[in-house]
Amino acid sequence: MSARASAEEKLKALAQLPDEAVDIAEGALAFAVLARPTAALAAYRAHLAALAHDVGEAARESRAGVAGRIAAINRVLFADHGYRGDGETYDDLENANLIRVIDRRKGLPVALGVIYMHAARAQGWRIAGLNFPGHFLVRIDDGARRAIVDPFHGGRVCEASDLRDLLKATSGADAELSSRLYEPVGNRQVLLRLQSNVTARLARAGRLDEAVASLNAQLLLAPEEGRLWFERGAYQVRLGNFRAAIESLEAFVARAGSAAARREAETLLAGLRRRLN
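Quick summary incoming for the structure in this document. These numbers were taken from a predicted model, which means no experiment stands behind them.

1. Thoughts on the overall build of the protein chain
Looking only at helices and strands, the protein chain features 12 helices and seven strands. In terms of overall size, the protein chain behaves like a compact globule, its C-alpha atoms giving a radius of gyration of 20 Å where 277 residues would be expected to give roughly 19 Å. With the C-alpha coordinates aligned to their principal axes, the bounding extent of the protein chain is approximately 70 × 50 × 35 Å. A burial count over the protein chain gives 47% of its 277 residues as buried.

And the structure:
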């Protein structure tokens, strides 16, 4: 089996699991190898295992509790291995490809967040990605205390003022903090957020065939995610692939959560069907 086919099978297998059983590192590697099919995955798995081992060792030397756990991860990822957020070439596609993030030791917030979460979970620690817009954050807790951490900025612990500033920088001056921004997201949603960065960058560059391929990969992991079908249909329309667009929009209608969304899609479908008649 080719590396690409193996990665697709991995994503399909993860789709069948309960969300809490989805291994985000394996999912991110599967997405990555679709763009880097000649990569030696064993080396990247070994690196992630080594990070997890080193965090465990560092944790024995740190003070207990959430602060000690954060200190252990930050020491290994950022001090020992030199990981950092890529603020200079932020939109580079390689910043969302876990293979290249490991190679270059830099990436997007969500890519670094995947590594951060993997290292924490390998210790049995509780950690989750947050529903924060524009900038991926994680929350780590020990049952008694919790902290919100920004992996892109060296694992800094975010206070309310930091979060407010970050929100206004990404969502506009009128944006205000609310409880929904602290809600954890599932493992599939973390992986979709990672790969959505690839899709969006390809689309902005006019590489729509590749953007559709990226969406196809996401649909292997989350075939019931309606918004992906809608987005796929929209790109197919722009490519002039009207039959494929109709299939995607029909799949969206079958999964749409709101009547308004279904009506919008059905209007688009009616127009596409007329063009084919």
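2. Here we look at the pattern of salt bridges
Here the structure, examined in full by the defined rule, presents 22 salt bridges. Between glutamate 94 and arginine 36 there is a salt bridge; the shortest N-O distance is 2.7 Å. One end of the pair, glutamate 94, is in the loop between β1 (84-85) and α5 (98-104); the other, arginine 36, is in the loop between α2 (24-35) and α3 (41-61), and 58 residues separate them in sequence.

3. Brief notes about the sheet that holds strand β4 (residues 138-141)
Strand order across the open sheet formed by five strands is β6-β5-β4-β3-β7, with antiparallel pairing between neighbours. Only two strands of the sheet have a single partner each, and these edge strands are β6 (156-157) and β7 (184-185). In this structure, β4 lies alongside strand β5 (residues 146-150), joined through four bridges in antiparallel fashion. Directly across from aspartate 141, in β5, lies its bridge partner arginine 146. Packed on one face of the sheet, helix α4 (residues 65-80) meets β4, β5 and β6 and runs near 130° to β4.

4. Remarks on unusual backbone geometry
Unlike most non-glycine residues, arginine 105 shows phi in positive territory, near 60°. In this structure, arginine 105 sits in the loop between α5 and β2 (106-107).

5. Description of the packing of helix α11 (residues 242-255) against helix α12 (residues 259-276)
Contact geometry of α11 with α12 gives a least axis separation of 10 Å together with a crossing angle of 155°. Between α11 and α12, the crossing angle belongs to the class labelled roughly antiparallel. In this structure, the crossing between α11 and α12 has a hand that is left-handed. Along the contact surface, α11 presents Phe242, Arg243, Ala245, Ile246, Leu249, Glu250, Phe252 and Val253, while α12 presents Ala261, Arg262, Ala265, Glu266, Leu268, Leu269, Leu272, Arg273, Arg275 and Leu276. Its residues assigned to classes, the contact of α11 with α12 shows 12 nonpolar, no polar and six charged.

6. Quick look at the packing of α4 against helix α6 (residues 109-121)
Orientation of α4 relative to α6, taken along the N-to-C sense of each, is 125°, at an axis distance of 11 Å. Here α4 is positioned oblique relative to α6, judged by the angle of their axes. Note on packing geometry: the crossing formed by α4 with α6 is right-handed. Contacts between α4 and α6 involve Ile70, Ile73, Asn74, Leu77 and Phe78 on the former and, on the latter, Ile115, Tyr116, Ala119 and Ala120. Residue classes in the contact of α4 with α6 are distributed as eight nonpolar, one polar and no charged.

7. Considering the pairing of β4
Side chains of β4 alternate between two faces, with Val138 and Ile140 and Arg139 and Asp141 buried alike. Inspection of the sheet shows strand β3 (residues 126-130) paired to β4 by four bridges, in the antiparallel sense. Paired with arginine 126 across the bridge in β4 is aspartate 141. What sits between the antiparallel neighbours β4 and β5 is a turn of four residues, in which glycine 143 has the positive phi angle 95°.

8. Here we look at the pairing of β5
Most of β5 sits inside the fold, with four of its five residues counted as buried. Direction of pairing for β5 relative to β6: antiparallel, over a ladder of two bridges. Across the sheet, valine 149 pairs through a bridge with valine 157, a residue of β6. As consecutive antiparallel partners, β5 and β6 are separated by five residues, and within that stretch glycine 154 has a phi angle of approximately 70°, a positive value.

9. Notes on the layout of surface pockets
The space that makes up the largest pocket amounts to roughly 450 Å³. Along the wall of the largest pocket there are 24 residues; nearest its centre are Phe31, Leu34, Ala35, Gln195 and Val198. Elements supplying a minimum of two residues to the lining of the largest pocket: α1 (3-15), α2, α8 (187-204) and α9 (208-221). Looking at which element gives the most residues to the lining of the largest pocket, the answer is α9, with six residues. Within this model, the second largest pocket holds a volume of roughly 250 Å³. Lining the second largest pocket are 15 residues; nearest its centre among them are Val110, Gly134, Phe136, Arg193 and Asn197. Listed by contribution, the elements that provide at least two residues to the lining of the second largest pocket are α6 and α8. Tallying contributions element by element places α8 first for the lining of the second largest pocket, with five residues. Class assignment of the residues belonging to the lining of the second largest pocket gives a composition of seven nonpolar, six polar and two charged.

About the thresholds
- Residues numbered from 1 in each chain as written.
- Predicted model: local features only at pLDDT ≥ 70, side-chain atom pairs only at ≥ 80, totals over all residues.
- Heavy atoms only, no water.
- Helix = DSSP H or I, 4+ residues; strand = E, 2+ residues; numbered from the N terminus.
- Rg over C-alpha atoms; globule rule 2.2 N^0.38 Å.
- Buried < 20%, exposed > 50% of the residue type's maximum accessible area, 1.4 Å probe, protein only.
- Salt bridge = Lys/Arg side-chain N within 4 Å of Asp/Glu carboxyl O.
- Pairing = 2+ DSSP bridges.
- Contact = heavy atoms within 4.5 Å.
- Axes fitted to C-alpha atoms, helices over the stretch in contact; angles between N-to-C directions.
- Parallel < 35°, antiparallel > 145°, perpendicular 65-115°, else oblique.
- Left-handed = near helix turned anticlockwise from the far one by under 90°.
- Nonpolar A, V, L, I, M, F, W, Y, C, P; charged D, E, K, R; others polar.
- 1 Å grid on protein atoms, 1.4 Å probe; cavity = no way out; pocket = protein on both sides within 12 Å on 5 of 7 lines; lining within 4 Å.
- Points joined across faces, edges and corners; volume = space filled by probe spheres on them.

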